[in-house]
Amino acid sequence: CMNYMLPVSYAWGNFSVLAVGIWAIVQRDSLDAITMFLAGLLLTVLTDIIHISIFYPSNDFVSDAKRFSIGMAIFSLLLKPVSCYLVYRMYRERGGE
């Protein structure tokens, strides 16, 4: 869905947080993994806002594919606070303070 509109750093940031999230799910007893996942999610919220605001296309050259791509990026950004809340609950269940 990225349609080459957002830079490669957007994809690398989100995929690396996804990899840390898989590590946090696999190692259920690790508090460090869930802490890194939560910190990564919070960091990608900030970087996603920056990426979307800088690379948002002008109205002259917006195709349907670009509109869908930016819509999915914004939808992903809107779902991240819910993910942060759920990861924080997992952090509290594992003994975080």
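Use the structure listed above.
Everything quoted here is computed from the prediction, not taken from an experiment.

Caption draft 1: A look at the packing of helix H2 (residues 31-55) against helix H3 (residues 64-93). Viewed as axis vectors pointing N to C, H2 and H3 meet at an angle of 155°, and their least axial separation amounts to 10 Å. In terms of orientation, H2 lies roughly antiparallel with respect to H3. Remark: the crossing between H2 and H3 carries left-handed chirality. In this structure, H2 contributes Leu 31, Ile 34, Thr 35, Phe 37, Leu 38, Leu 41, Leu 42, Thr 44, Val 45, Asp 48, Ile 49 and Ile 52 to the contact, and H3 contributes Ile 70, Ala 73, Ile 74, Leu 77, Lys 80, Ser 83, Cys 84, Val 87, Tyr 88, Met 90 and Tyr 91.

Caption draft 2: Layout of the packing of helix H1 (residues 8-26) against H2. Across the interface, H1 lies against H2 with an axial gap of 9 Å and an inter-helix angle of 160°. As summarised for this structure, H1 and H2 are arranged roughly antiparallel, according to the angle between their axes. Our pair here, H1 against H2, has a crossing hand that is left-handed. Where H1 approaches H2, its residues Ser 9, Tyr 10, Gly 13, Asn 14, Val 17, Val 20, Gly 21, Trp 23 and Ala 24 are matched on the opposing element by Ala 33, Ile 34, Met 36, Phe 37, Gly 40, Leu 41, Thr 44, Asp 48 and His 51. Residue composition of the contact of H1 with H2, by class: 10 nonpolar, 7 polar and 1 charged.

How each quantity is defined
- Along every chain, residues carry numbers that run from 1 in the direction the sequence is written.
- Totals for whole chains, interfaces and linings use every residue, but because this is a predicted model, local features are given only for residues with pLDDT of at least 70 and side-chain atom pairs only at 80 or more, for both listing and counting.
- Water and hydrogen atoms were dropped before computing side-chain values, which therefore reflect all heavy atoms in the structure.
- In this analysis, axes come from line fits to C-alpha atoms, helices being fitted only over the stretch in contact, and the angle between any two N-to-C directions falls in the range 0 to 180 degrees.
- For helices the rule is a DSSP run of H or I covering at least 4 residues; for strands it is a run of E covering at least 2, with both sets numbered from the N terminus onward.
- Angles are sorted into four bins: roughly parallel if under 35 degrees, roughly antiparallel if over 145, roughly perpendicular if 65 to 115, and oblique for all others.
- Left-handed is the label given to a crossing in which the near helix is rotated counterclockwise from the far helix by less than a right angle, and right-handed is the label when the rotation is clockwise.
- Only heavy atoms matter for contacts: two residues are in contact if any of them lie within 4.5 Å across the pair.
- When residue character is reported, Ala, Val, Leu, Ile, Met, Phe, Trp, Tyr, Cys and Pro are called nonpolar, Asp, Glu, Lys and Arg charged, and the others, Gly included, polar.

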